[in-house]
Amino acid sequence: MKPRVFSAMQPTADSLQLGNYLGALVQWVRLQDTHDAIYSVVDLHALTVAPDPEVLRRRSRATAAQFLAAGVDPQRSIVFLQSHVAEHAQLAWLLSTFTGMGEAGRMTQFKDKSAKVGEAGTNVGLFTYPILMAADILLYDTDLVPVGEDQRQHLELSRDLAERLNTRLGEGSVVVPDAHIVESVAKIYDLQDPTKKMSKSAVSPKGTIEILQDPRQVAKNIKSAATDSDAVIAFDREAKAGVSNLLTIYSALDGRSVEQLVADYEGKMYGHLKVDLAEVVVSYLTPLRDSAMEWIESPARLDSVLEEGAAKARTIASATLARLYERVGLVAPTSRR
Ligand code: AQP
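Conventions used here
Residues numbered from 1 in each chain as written. Predicted model: local features only at pLDDT ≥ 70, side-chain atom pairs only at ≥ 80, totals over all residues. Heavy atoms only, no water. Axes fitted to C-alpha atoms, helices over the stretch in contact; angles between N-to-C directions. Helix = DSSP H or I, 4+ residues; strand = E, 2+ residues; numbered from the N terminus. Parallel < 35°, antiparallel > 145°, perpendicular 65-115°, else oblique. Left-handed = near helix turned anticlockwise from the far one by under 90°. Contact = heavy atoms within 4.5 Å. Expected span 1.5 Å × (residues − 1). Buried < 20%, exposed > 50% of the residue type's maximum accessible area, 1.4 Å probe, protein only. Salt bridge = Lys/Arg side-chain N within 4 Å of Asp/Glu carboxyl O.

(A) Spotlight on the packing of helix α9 (residues 215-223) against helix α12 (residues 270-296). For the pair α9 and α12, the least separation of the axes is 9 Å and the interaxial angle reads 150°. Considering their axes alone, α9 and α12 lie roughly antiparallel with respect to each other. The chirality of how α9 crosses α12 is right-handed. Contact with α9, carried on its side by P215, V218, A219, I222 and K223, involves K274, V275, L277, A278, V281, V282 and R289 of α12 and no other residues of that element.

(B) Structural view of helix α3 (residues 53-70). Between its first and last C-alpha atoms α3 spans 26 Å; for 18 residues at 1.5 Å apiece the expected length is 26 Å, and the two agree. Within the sequence span of α3, burial applies to V55, L56, S60, A62, T63, A64, A65, Q66, F67, L68, A69 and A70. Just downstream of α3 lies G71, where phi reads positive at about 120°.

(C) How the structure looks around the pattern of salt bridges. One pass over the full model with this rule turns up 17 salt bridges. In this structure, R76 engages D33 in a salt bridge whose closest nitrogen and oxygen atoms are separated by 2.8 Å. Separated by 43 residues along the polypeptide, R76 in the loop between α3 and β3 (77-81) and D33 in the loop between α1 (18-31) and β2 (36-41) bring together distant segments of the chain. Classification of R76 by relative accessible area gives partly exposed; the value is 41%. Overall, the relative accessible area of 53% leaves D33 in the exposed class.

As structure tokens, then:
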């Protein structure tokens, strides 16, 4: 039996951004070789930001299309929409009864996201989001969760909850998951404000590199990326956040190490680095974009992949939920006894 990996993305934009791709998707594709992989478009999570219904439907399919275009292979991995497997919401309720108010309140992403949408836009779902995320992971007896650095805290909560279930309900209730964070590309930053992470639903689209964006716009965004005034190409996350981010992206796509890039660009101007990087990014993203568009334009084919994935996911999820329902003391329906 191979170890199991689970990961997911929210359909909160029409296009994923380069941070989603480098921080997560690239690892997802690699892990298919060594792991039993389950990848989900977590559409229930996306409801926390009150999307327009038609927009949410379009984005859910587009997100799945980008998984497939990036190399997630439905012959080897389970790919599905979260809302197609009812056990996610059911386990989230159970887990919420194991989560302290204080520990839920410490999640920094809630603070960031609620500040973004303001008090009127902040719903309880945004607050309990990490509990639903823990349910997503624990349902599948997950060993490993590949995520970007921004999700580390949420994953810690999943681990704490898993350990608590095993203590209170007995060993073997759930598997305690580990995070898989690739440090070199753990966080890609916004091009305009390199102190903030790149986000697919960013307020300023100029700071984002979108997978499905027109290549001319991608090049424009890179060329107008914020840098600093001392004009030396060097890696220093604190003092030279903008240039360091460009070097991280360059290295991840081109294969040269950051040190090698710094040596190769010695004595050159920021403009040179940006022009070359724009070319690297555009040529990297073009086939990805073309393949995603093919899936987006074949919704019946895409839906059938997602339905097959959901059927397989349901088999695993229903067994976990039944085990936990039994251990917490719920009476099983006669059909399941
Ligand atoms: N900037 C980033 N650098 C590295 N990894 C990143 N991830 C996200 N941004 C970066 C990783 O991508 C996956 C996407 O997870 P998500 O869709 O659940 O939401 P998120 O982390 O909140 O991503 P976004 O792009 O910032 O979405 P919005 O704008 O909707 O909030 C995760 O594995 C994450 O670590």
